[in-house]
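# Reading the structure
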Amino acid sequence: GNNGNNYTIGAKTIAAGSIFKKNASITGSTTNTTYNGTTQTQAPAVLAGFVDADLLTGSVAATGLASGRNAGTYTSNLSATGSDVSNYNISVTNKDLVIAKKAISLSGITAANKTYDGTATASISSGVIAGTIGSEALLISGTGTFSDKNAANGKIVTVADVTQLTKTSSTGDWSNYNLTTSGALTTQADITPKAITLSGITAAAKTYDGTTAATVSTANAVFNNQIVNDNLTVASSGTFSDKNAATGKTVSLANTLGGSDLGNYTITDQTSTTADITPKAITLSGITAAAKTYDGTTAATVSTTNAVFN
């Protein structure tokens, strides 16, 4: 002041002072989002208690925000960085990044055609899935039920609960998705008849009787590769190729197929078999010789007028 010249001022040493660390905090932000196929990052942390100048100059900053691509919960690992961090007592509260599964729907299913196998089981080969991200391809498979076991085209196939189907993928990951469709879905598919063959029909050998009639037996007839316990029947008649006696003669068969499961098969029929016609045993009688006057020879005059093949 103006009177400073009136005084002689001596220096005095005072006790040393302390600069205490300032209390501050870093608090993460709970971030809820939905899977979108890209890496997502948690919202910025909230910094409180720091000197504004330190924040503006970047001498204090937060790092360790949670990030992730797939559906799930990711916890931040927050900490402070910067040259002035040592000036603070910093409390850290970590929060989560929650990526929820994306909702998708199953609007249709496809069942594979099959050959008749005696069951109503259907194979579900694919589904129509809506809502996936980009080119991610999710697949669905499993089993359904035909309306009945019998062969026919355009049969109804039902999946009673689509949530029980097996989830597979080619370029996507089911763990990132939530199938919102539940309950039953139906589609159509074919059951084609099973191809089998018929064999084992036999014809009995007979003695020549002047006809081509054959006696046929179906006692050992076999429907090869039929489904066990299916009901198939056959009745048959036969005709020799001609009436004459011979061994191993061809017998043509006329088969009538039946049974409650006949419509489930295409049957390659047995068209022939073989059997013998043996010669008929008969006797010859009634041939006579005429009396003659001695002529010095053994010649006799014979007559077949009354000859008989008995």
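Structure shown above.
What comes next concerns the included structure. Keep in mind the model is a prediction, meaning the values are calculated, not measured. (Residues numbered from 1 in each chain as written. Predicted model: local features only at pLDDT ≥ 70, side-chain atom pairs only at ≥ 80, totals over all residues. Heavy atoms only, no water.)

## A look at the nonpolar core
Within the largest apolar cluster, 41 residues are counted, with the highest numbers of intra-cluster contacts made by Leu106, Leu165 and Trp174. Apart from the residues within four sequence positions on either side, Trp174 is in contact with Ile104, Ile129, Leu138, Leu139, Ile140, Lys167, Thr168, Ser169 and Leu179. Formed by seven residues, the second largest nonpolar core is a distinct cluster that contains Ala24, Phe50, Leu78 and Tyr88. (Core = buried A, V, L, I, M, F, W, Y, C linked by side-chain atoms within 4.5 Å. Buried < 20%, exposed > 50% of the residue type's maximum accessible area, 1.4 Å probe, protein only. Contact = heavy atoms within 4.5 Å.)

## A few points about the sheet that holds strand β9 (residues 88–93)
In spatial order, the strands read β4-β1-β9; together these three strands make up an open sheet with mixed pairing. Only two strands of the sheet have a single partner each, and these edge strands are β4 (46–48) and β9. When strand polarity is set aside, the average angle formed by the axes of neighbouring strands in this sheet is 15 degrees. Where strand β1 (residues 22–27) meets β4, three bridges bridge the pair, whose relative direction is antiparallel. Across the sheet, residue Ser25 finds its bridge partner in β4, namely Ala48. (Pairing = 2+ DSSP bridges. Helix = DSSP H or I, 4+ residues; strand = E, 2+ residues; numbered from the N terminus. Axes fitted to C-alpha atoms, helices over the stretch in contact; angles between N-to-C directions.)

## Details of the environment of Ser285
Tracing the chain through its elements places Ser285 in strand β29 (residues 284–285). Under the relative-accessibility criterion, Ser285 is labelled partly exposed at 33%. Taking the C-alpha atoms as reference points, Ser285 and Asn306, 21 residues apart in sequence, are found 8.3 Å from one another. Discounting chain neighbours no more than four positions away, the residues touching Ser285 are Asn306, Ala307, Val308 and Asn310.

Scope: geometric values only; no functional claims are made or implied.
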